[in-house]
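Architecture at a glance
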Amino acid sequence: MPEQLVVLHEWLERVCAVTGRVVSHPPDQEWYFQFITAVMEIANNIARYAYPDRSDPNSVELRVRAYHDRIEAQFSDHGITYTAPPPAPQVLEDDDWDIFAIPEGGYGLALVRAAVDHLEYHRTPGGVNHWRLVKQFIT
């Protein structure tokens, strides 16, 4: 699966390059970085948590569509149902915390939410997970 994530990252960079040429006000590099980071984080989470035993991760579908005001990424997969983890630990904004004491996991979805304008998840009665990420173009 790691090699598929590398291919996905390269494909997303090409999608962003094409998008930048066709929209009236192309986003800046930070915008692209945020979008790619968010999509890659969801892809990585699907690979890691929806298919923990590495069973058929090829059943993941990603569609990316650009509109005049936004770009959307939609994932569909047949993996395990997403269950929200406990809230990420809060990092205190004072001098008393140790950066090495901060847990490594639990920040992925917070990162995604900070990088996009809208994130949603639902699972169909037929057992398909759907993730939708929306990032508005800056005008």
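None of these values were measured; they are calculated from a predicted model. Think of each chain on its own: its residues are numbered from 1, step by step along the sequence as written. The predicted origin of the model limits local features to residues at a pLDDT of at least 70 and limits the giving and counting of side-chain atom pairs to 80 or more, whereas totals for whole chains, interfaces and linings rest on all residues. Only heavy atoms go into the side-chain values, all of them from the structure, while hydrogens and water stay out.

1. Looking at the overall build of the chain
For clarity, the threshold we go by: Helix and strand definitions here come from DSSP, where helices need a minimum of 4 consecutive H or I residues and strands a minimum of 2 consecutive E residues; each element is numbered from the N-terminal end. Any residue under 20% of the maximum accessible area for its type is buried, any over 50% is exposed, and the rest in between are partly exposed; the area is computed with a 1.4 Å probe on protein chains only. Here, residues are in contact when the closest pair of their heavy atoms is within 4.5 Å. Here the accessible surface of atoms and residues is derived via Shrake-Rupley with a 1.4 Å probe, and residues count as covered only by protein chains that are part of the display.
Scanning the chain for helices and strands turns up three helices and four strands. Going residue by residue from the N terminus, the α and β elements of the chain occur as α-α-β-β-α-β-β. Within the span of the chain, comprising 139 residues, buried residues form 35% of the whole. Considering only residue pairs separated by 6 or more positions, the chain has 61% of its internal contacts joining residues 24 or more positions apart. Accessible area of the chain: about 9100 Å², with a carbon and sulfur share of 55%.

2. Observations regarding the sheet that holds strand E3 (residues 118–123)
To keep things clear, this is the line we draw: For two strands to count as paired, DSSP must find a minimum of two bridges between them. Throughout, an axis means a line fitted to C-alpha atoms (over the contacting stretch in the case of helices), and angles, computed between N-to-C directions, take values from 0 to 180 degrees.
As summarised here, the arrangement of the four strands in space is E1-E2-E4-E3, forming an open sheet in which the pairing is antiparallel. Looking along the sheet, the strands with just one partner apiece sit at the ends: strand E1 (61–66) and E3. Averaged over all pairs of adjacent strands, the angle between their axes in this sheet comes to 10 degrees, without regard to strand direction. Bridge analysis of E1 against strand E2 (residues 70–77) gives six bridges, and the strand direction is antiparallel. Of the residues in E2, the one forming a bridge with Glu61 is Ser76. In the packing of helix H2 (residues 29–50) onto the sheet, the strands contacted are E1, E2, E3 and strand E4 (129–136), and the crossing angle to E2 comes to about 5 degrees.

3. Brief notes about the packing of aromatic side chains
The cut-off we apply is this: Classification of ring pairs uses Phe, Tyr and Trp, with its six-membered ring standing for Trp, and accepts pairs whose centres are within 6.5 Å; under 30 degrees between planes counts as stacked, over 60 as edge-to-face, and the remaining range as tilted.
This structure, assessed with the given rule, holds six aromatic pairs. An angle of 90 degrees between the planes, with centres 5.3 Å apart, marks the rings of Trp31 and Tyr32 as edge-to-face. A relative accessible area of 2% means that Trp31 is categorised as buried. Residue classification places Tyr32 among the buried residues on the basis of a relative accessible area of 10%. Consider the rings of Tyr82 and Tyr121, whose centres lie 5.1 Å apart with planes at 70 degrees: the pair is edge-to-face. Taken together, the residues Tyr82 in the loop between E2 and helix H3 (108–115) and Tyr121 in strand E3 connect sequence positions 39 residues apart.

4. As for the pattern of salt bridges
The condition is simple: Each salt bridge in this description consists of a side-chain nitrogen of Lys or Arg and a carboxyl oxygen of Asp or Glu lying within 4 Å of one another.
Inspection of the entire model under this criterion finds five salt bridges. Arg63 is the salt-bridge partner of Glu61, the closest N and O atoms lying 2.9 Å from each other. Glu61 sits in the partly exposed class, given a relative accessible area of 39%. Looking at Arg63, the relative accessible area reads 45%, which means it is partly exposed. Put simply, Arg70 and Asp69 hold a salt bridge, and the shortest N to O gap is 2.8 Å.

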